[in-house]
Every structure is written in C-alpha cells, then in structure tokens.
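Here's the letter readout for the chains.
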Amino acid sequence: MIIVLLGPPGAGKGTQASLLSRRLGLPHLATGDLLREAIAQGTPLGEEVRPYVESGRLVPDPLMVALVRERLMTPAGSGGAILDGFPRTRDQAVALDQVLAAQGRQVEAAVYLEVPASVLLQRLSARWVCPHCRATYNTVSAAPRLAGVCDRCGASLIQRADDRPEVVQRRLEVYRQETAPLIAYYQTAGRLRSVDGTGPVTVVLERVLAALGRTPVSGQVHGDRYQVSG
Ligand code: AMP
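Thresholds applied
Residue positions are given per chain, counting from 1 as you read along its sequence in written order. Local features in this predicted model are restricted to residues whose pLDDT is 70 or higher, and side-chain atom pairs enter the listing and the counts only when it is 80 or higher, whereas totals over whole chains, interfaces and linings include all residues. Note: side-chain values were computed over all heavy atoms of the structure, leaving out hydrogens and water. Working definition: residue near molecule or strand if any one of its non-hydrogen atoms lies within 4 Å of it. Whenever a nitrogen or oxygen atom comes within 3.5 Å of another N or O atom, the pair is scored as a polar contact, on the condition that within protein one atom can donate a hydrogen and the other can accept it, and that pairs from neighbouring residues in sequence are kept only if both atoms are in side chains. To be clear on the numbers: accessible area is Shrake-Rupley with a 1.4 Å probe, and residue cover counts the displayed protein chains and nothing else. Helix numbers and strand numbers start at the N terminus; a helix is a DSSP run of H or I with at least 4 residues, a strand a run of E with at least 2. Note on residue classes: Ala, Val, Leu, Ile, Met, Phe, Trp, Tyr, Cys and Pro are nonpolar, Asp, Glu, Lys and Arg are charged, and everything else, Gly too, is polar. At least two bridges found by DSSP between two strands are what make those strands a pair. Axes here mean lines fitted to C-alpha atoms, for a helix over just the part in contact, with angles spanning 0 to 180 degrees between N-to-C directions. Throughout, a residue-residue contact means that at least one pair of heavy atoms, one from each residue, lies within 4.5 Å. Any two of the Phe, Tyr and Trp rings considered here, Trp counted by its six-membered ring, make a pair once their centres fall within 6.5 Å; the pair's planes then place it as stacked at under 30 degrees, edge-to-face at over 60, or tilted in between. Type-normalised accessible area, obtained with a 1.4 Å probe on protein chains alone, sets the label of each residue: buried when under 20%, exposed when over 50%, and partly exposed for intermediate values.

Quick question: what am I supposed to make of the site of the ligand here?
For the ligand, the set of nearby residues contains 17 residues, the closest of which are Thr31, Arg36, Arg57, Gly85 and Gln92. Here a nitrogen atom of the ligand and a side-chain polar atom of arginine 88 are 3.0 Å apart. The side chain of glutamine 92 places a nitrogen or oxygen atom 2.9 Å from a nitrogen atom of the ligand. For the ligand, the protein covers 97% of the area, taking 480 Å² as the surface of the free molecule. Of all the elements in the fold, those that place two or more residues in the shell around the ligand are α2 (31–41) and α3 (44–55). Class assignment for the residues of the shell around the ligand results in 7 nonpolar, 4 polar and 6 charged.

If you want it as structure tokens, here you go:
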C-alpha cells in the first residue's frame, strides 16, 4: 500500500507519517530526511543537494525521482510505504504513477493535511528536531521534558537550517506554486483524502486513520506525544 502525505511545510506530514508507519507497519519514506542525512554525511549526493535544501528550493525532479524509485524497489519498499515530502511537483507525481504502474501498483490515497498559514509559521519557528531518531518537538506546545534533549534517545536537539524565517517564507512560496497543484491532481484521480491538520497530534492521527478507512485503536493513539512537524 502506497500512501502519500500532502501539505505545506509545518502541516505535520513528518509526525503523522511516522505514527502511521508504526500503526500500519509500512516504512516511512521521508525525502527531506534522506537529503539531510546525505548532507550531514558529506556524500556526493549531499554536496549536490545542499544548496537547494538550505535555501528552501526544490531539488531537481530527475534526482528526486531516481532516489524514490530506488527506495521503492528495495524489499522493504516493495511492500508499500508512507511517502512524506514526495511527490512535490506534478512531474514527480506523474513519474511516481509510472514507476508504480510498471510494478502493478498505484498510490492508494493522498492524505492532504489542511493547516492555516498562521499556524504553520508558529509551528516552524518553534520546531526542534532530534538529529539521531528524528523525533520532533515544539517549544510552545510540545516541549521535551528536559530543554534541548530528546525524550526518546537523549541526543541534543537542533533547529533545521531551513526553518530560519527567510527560508521558511521561500518554502511556503515554493509549496504554493509547485506542490499545491497536486491537491487537484489527486482529487481528479479520486484518491484525495482531506484532513483537518490542526489540534493535537493524536486527534489528527485519528482523523487520518478515519480518512483511510481504518478504525483507530484509542489506547494506542493517545500514547503518542510527538509534535506536529513539516
Ligand atoms: P522537507 O523535510 O520535506 O521539508 O524537505 C526539506 C527540503 O528538502 C525541501 O525544502 C527541498 O529542498 C528538499 N526536498 C525534499 N523532498 C523533495 C522533493 N520531493 N522534491 C524536491 N526537493 C525536495
């Protein structure tokens, strides 16, 4: 089963993808995380994409499509995946459909997390992430128990380079121009599931599961406390 998470930076795609991945037993494929890892490790891919990622521009489509195609071909990816941050352009969406069709598969649903712009800005500016296990926090609404330290693994939290205000503005603009048209793309294909992305993480997860036709198991849903992120 392939599920796409759609929504602007700060809508909560990363958090919901991570929770859904655990709930549905599918790998979480986050293209932003893959790129940041490559940058941190200084690989050739990392050096190539660094200027795009750090300035909030999109990495060219052919590179992104190759990266995702490779992941979907692995044994882990062949059973399905939660796609977080891909596709981000119409060309990527078309390429994804082609890659999947060649394997007799298709996107089952595109979950669109709807969040007002004012909430996005607040979330992004207060966001802290764990570079080790990727847990995400918000200093206003979901602070870690110990300031600056990850609850899950104890690593020191960092702020993303592209969460700086001027870069955030560009990412939101790129989203409006390049990615928002995918809402209509998946709507036309009959695969769009729009979900209110505001409110507590656990409540949003329940809405997402309902939109996917899954009944939430309330005890488990309420155990998760990680903050909504992009
Ligand atoms: P994210 O963590 O999803 O917000 O992605 C962070 C950055 O990685 C984006 O601002 C882009 O520079 C790059 N990126 C991630 N996914 C894609 C994609 N599908 N296409 C192009 N660039 C991407």
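Next comes the rest of the write-up.
Which parts of the structure should I look at to understand the sheet that holds strand β3 (residues 81–84)?
Strand pairing in a sheet takes place through backbone hydrogen bonds and is either antiparallel or parallel in direction. With parallel pairing, the 5 strands of this open sheet are ordered in space as β2-β3-β1-β4-β7. Because the sheet does not close on itself, it has two edges, and the strands there are β2 (28–30) and β7 (192–196). Within this sheet the neighbouring strands show an average axis-to-axis angle of 25°, counted without direction. In terms of strand pairing, strand β4 (residues 107–114) meets β7 through 5 bridges, oriented parallel. Within β7, the position partnered with glutamate 114 by the bridge is aspartate 196. Strand contacts of α2: β2 and β3, with the helix running at about 65° to β2, the strand carrying the most contacts.

Explanation requested: the packing of aromatic side chains in the structure shown.
The geometry of an aromatic ring pair is captured by the separation of the ring centres together with the interplanar angle, meaning the angle of the planes. As enumerated under the stated definition, the model contains 1 aromatic pair in all. Ring geometry for tyrosine 185 versus tyrosine 186: centroids 5.1 Å apart, planes at 90°, classification edge-to-face. Judged by relative accessible area, tyrosine 185 falls into the buried class, the value being 15%.

Looking at this model, I keep getting lost on unusual backbone geometry. Mind explaining?
Omega for the peptide link from phenylalanine 86 to proline 87 comes to -5°, which places this bond in the cis form. Residue placement: proline 87 occurs in the loop between β3 and α6 (90–102). The backbone of arginine 134 sits at a positive phi, close to 75°, despite the residue not being glycine. Here arginine 134 lies in the loop between β5 (127–129) and β6 (136–138). Relative accessible area serves as the criterion here: at 37%, arginine 134 is assigned to the partly exposed category.

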